[in-house]
Amino acid sequence: MSMPVPLFAAVGTIHGCPINVIRRRNAYFKVSSSMDHHNLSKVKSNSLRVLEWDKLCHSVASFARTSLGRQATKAQLWSLDQTFQESLRLLQETNAAILMHNHDSFNLDLTSVDLALVESAIKHARRDLPLDANEAMALLSLLQFVEALQLSLKAAIKQDSDWYKQFMPLSEMITQLVVNRSIIKLIQQVIDEDGSVKDSASSALKKARDQVRTLERKLHQLMDKLIRNETKEAALMVASSVGGRWCISSGTDQPTGFKGLLLSSGSGSIIEPLAAVPLNDELQQARALVAKAEADVLLMVTEKIQMDLDDIEKSLRTAIQLDMIYARATYSLSYGGTYPNIFLPEDIDGPLMAEPYRSKDKTSQASNPKKEWIFYLPKAYHPLLLQQHREKLSTARKNVRSAAAEIRRRKMQAENMAVKGEAEIDLSSLQKQVRALEEAPPVPVDFFISQKTRVLVITGPNTGGKTICLKTIGLAAMMAKSGLHVLSSESAKVPWFDCVFADIGDEQSLSQSLSTFSGHLKQISEIQSQSTRRSLVLLDEVGAGTNPLEGAALGMSLLESFARSGALLTIATTHHGELKTLKYSNDAFENACMEFDEENFKPTYKILWGVPGRSNAINIAERLGVPSSIVDNARELYGAASAEIDEVIMDMETYKQKFQELIKESRHYLTMSRGLHEKLLVSRRKLQDLGTQQRYKKMRELSEAAAVARSTLHKKKKLLSFPGLVIQCMFHPLTREQQF
């Protein structure tokens, strides 16, 4: 690989940048296109290492339930060679596994299945070698696991046919498996649950085992008789099996009253009585017959399995794949991951391609993020920091429980009060540690990167969280590509990157005699040559490690090169103030900074978007009591223009914070108004229901009154129809009750 050395000799400067560097910005990156595969693998592996991807792979793989599943999970995650369509399928698999887990009727936990033994069984069957009983039982467990999954899927689909689509592609994967029930029945008939061949497996085996039991009973009786006949050392003698032959062990080397073969002597002796030799010989022969009969049974099982070996091997591969999917799903459930909407960069204006399946009778509560974002990760956590915090909190809580249990034990045993007091003090200290950890969880960060942004420049103080931000976004991109849910709130939107390159940390190559600065440049050079329009590039402290003027100029050259013809997205952290100005001359750049709490002199680990970071060193020095003469001199050396820029930045930060507060307040009022609106809708619905009820009540009363009136008129009509009855009524008037 040829790499021309950049020209650093500057004739003059423009805004602090060497002129020759500005003119030759791309000189350092004119590398040969014949980069070999070794260098490609090296730069990728270095990127994965500095991002600590191996630790995340190990963390996810720990959720797998089998050794083969853990190995396969690590290999699949580490490869990162998935195509876009493969990434979509992996995400759909993870989502389907989570749905199955939440359905409660599915069991994807393969803890009870020893897949390594199943693999060994398949290898033995391929070579026409008989399986052992444990391998047969492992195979039985696998077939029963698959059968149970298929039955659960059928039951769910019978309940609601829409479940088949929701569980895709796992539903398709499970239904394609073939389970031969006759193999399950055969193994259950001949192999016991403890992994031994049953007596009933064959008549030859039962006969041989009966013979073994008969001979062992005779030998026990013989040994007991010989030991009882010993008058002196009978208490020190015991019958035992040595190499499959029954003998008598004596605690002394004294001669015995029976003749036998001396097998061992020393602190004691082991003797095979001559009377037992024929029985032991028969016992050996009988055991050989048992072994042969067991082998015949297992060979019969093997021959049965060989007829379905391809289906069994497919079930094994699927089980390993399900264990991998189970690991990804349980990792997401454990850490509260969310389904990321991934898309190809060239399809950025089109519809999102990785939407999880939604049930036809269920609507998603999460709306798609605004289309102007190319990277949308609200409240994103660094997965390893979150894991570390949970482990510390779990350990601290465990220590509290242990201390509390120790105090209860001491109280029950009425131990010394001073000792008990020390234990209570320890418990109080441990409880404080738990509270401190609970009150200081990892701080999530928001990533809202617009579509037009090609390079994001993040500034801020040391230990402010810039490097963690780089790693968080890099890990999120790789997690989405690998089929993992990202640790973010809902509506995460992540572009699919063909590769994630990173230059982070104090890396150098001592074997090549490269300094830290040279090592960084070599790594960045290889990244620039290998990145594509689908790549993500993460650069930490770009331009650092050399003269500030040259470093700033080189940093500007690097970032402009990436913006012009490099990766899809480049994110860089820096302390060089000159890099902040790139945004104002190039729309492809965007600024962000890590917020700093000047009152408490500590970072908040939150990102302020659209605002460049400013220098806090002089102001902090003044607040810490550094003499004013030194502070004033520092400000003069720093320059009035730089001070004015910092003042502008300070005003921008103030306006930004006020704007954020106003947004928060408006959201609060919007939430309140929505709540009031919902209450008004409920009240209106209640009033409408009440009005409807009242109308029905009035109509019912009017209907009843009309019915009474019609009945009265009808009766009077009948009276008028019979004159005699009318005359009678004149002489015998009816009472009011009689009229009705």
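Residues numbered from 1 in each chain as written. Predicted model: local features only at pLDDT ≥ 70, side-chain atom pairs only at ≥ 80, totals over all residues. Heavy atoms only, no water.

Colleague: Outline the overall build of the protein chain, listing residues and values.
Modeller: Across its full length, the protein chain carries 23 helices and 16 strands. When burial is assessed residue by residue, the protein chain has 43% of its 740 residues classed as buried. Expressed as a percentage of contacts within the protein chain between residues at least 6 apart in sequence, the contacts between residues at least 24 apart total 74%. (Helix = DSSP H or I, 4+ residues; strand = E, 2+ residues; numbered from the N terminus. Buried < 20%, exposed > 50% of the residue type's maximum accessible area, 1.4 Å probe, protein only. Contact = heavy atoms within 4.5 Å.)

Colleague: Tell me about the side chain of His 485, residues and numbers included.
Modeller: Locating His 485 in the fold gives a position in the loop between helix H16 (466–481) and strand E11 (493–495). On the accessibility criterion, His 485 (4% relative accessible area) is buried. Among the polar contacts made by the side chain of His 485, one reaches the side chain of Ser 332 at a distance of 2.9 Å. For His 485, the residues in contact, after removing those within four places along its chain, are Leu 91, Thr 94, Asn 95, Ile 98, Ser 332, Gly 337, Thr 338, Tyr 339, Pro 340 and Met 479. (Polar contact = N/O pair within 3.5 Å; in protein donor to acceptor, adjacent residues only side chain to side chain.)

Colleague: Can you break down the sheet that holds strand E10 (residues 455–459) residue by residue, with the values?
Modeller: Within a beta sheet, neighbouring strands are joined by backbone hydrogen bonds and run either parallel or antiparallel to one another. The strand order E12-E13-E14-E10-E15-E16 describes an open sheet built from 6 strands, whose pairing is mixed. Both outer strands of the open sheet, strand E12 (500–503) and strand E16 (602–609), are each paired with one neighbouring strand and no more. The mean inter-strand angle of the sheet, taken between neighbouring strand axes irrespective of direction, is 15°. As defined by bridge partners, strand E15 (residues 589–597) adjoins E16 across 5 bridges and the pair is classed as antiparallel. When the bridges of E16 are listed, Phe 596 appears paired with Pro 603. This element, H16, spans E10, E12, strand E13 (536–539), strand E14 (569–574), E15 and E16 of the sheet and lies at about 160° to E13. (Pairing = 2+ DSSP bridges. Axes fitted to C-alpha atoms, helices over the stretch in contact; angles between N-to-C directions.)

Colleague: Can you tell me about the confidence of the model for the protein chain, naming the residues and giving the values?
Modeller: Here the protein chain averages 79 in pLDDT, and 77% of its residues register 70 or above. Taken together, the stretch residues 349–354 has pLDDT below 50 and engages in 14 contacts with residues farther than four places along the chain or on a different chain. This stretch, residues 736–740, has a pLDDT under 50; its non-local contacts, to residues over four places away or in other chains, come to 4 contacts. (pLDDT = per-residue confidence, 0-100.)

Colleague: Report on the pairing of strand E8 (residues 373–380), specifying residues and quantitative values.
Modeller: Taking burial as the measure, the 8 residues of E8 include 6 buried ones, the bulk of the element. In terms of strand pairing, E8 meets strand E9 (residues 445–450) through 5 bridges, oriented antiparallel. Within E9, the residue paired with Tyr 376 across the bridge is Phe 448.

Colleague: Help me get a handle on the pairing of E13, residues and values and all.
Modeller: The two faces of the sheet receive side chains in turn, since in a regular strand these alternate between them. Burial along E13 is two-sided: Leu 536 and Leu 538 facing one way and Val 537 and Leu 539 facing the other are all buried. Pairing of E13 with E14 involves 4 bridges; the strand directions are parallel. Within the sheet, the bridge partner assigned to Leu 536 lies in E14 and is Leu 569.

Colleague: I'd like a description of the packing of aromatic side chains, backed by residues and values.
Modeller: According to the stated counting rule, one finds 9 aromatic pairs in the structure shown. Aromatic pair Phe 106 and Phe 167: ring centres 5.1 Å apart, planes at 75°, arrangement edge-to-face. With a gap of 61 residues between them, Phe 106 in the loop between helix H5 (84–103) and helix H6 (115–126) and Phe 167 in the loop between helix H8 (163–166) and helix H9 (170–175) connect regions that are remote in the sequence. Each member of the pair, Phe 106 together with Phe 167, is buried. (Phe/Tyr/Trp six-rings, centres within 6.5 Å; stacked < 30°, edge-to-face > 60°.)

Colleague: Describe in detail the nonpolar core, supporting the description with residues and values.
Modeller: In globular proteins that are soluble, nonpolar side chains generally tend to be buried together. Judged by nonpolar contacts, the single largest core of 76 residues is most densely connected at Leu 115, Leu 142, Leu 170, Ile 187, Ile 191 and Ile 305. For this core, the element with the most residues is helix H7 (residues 133–159), which contributes 13 residues. Each of domain 1 (39–180 + 308–335) and domain 2 (203–290) contributes no fewer than three residues to this core. For Leu 170, the contacting residues outside a window of four places in its chain are Glu 93, Ala 96, Ala 97, Met 100, Leu 322 and Ile 325. Listed in part, the 60 residues of the second largest apolar core include Leu 377, Val 486, Val 494 and Val 500. (Core = buried A, V, L, I, M, F, W, Y, C linked by side-chain atoms within 4.5 Å. Domains from an automatic or database assignment.)

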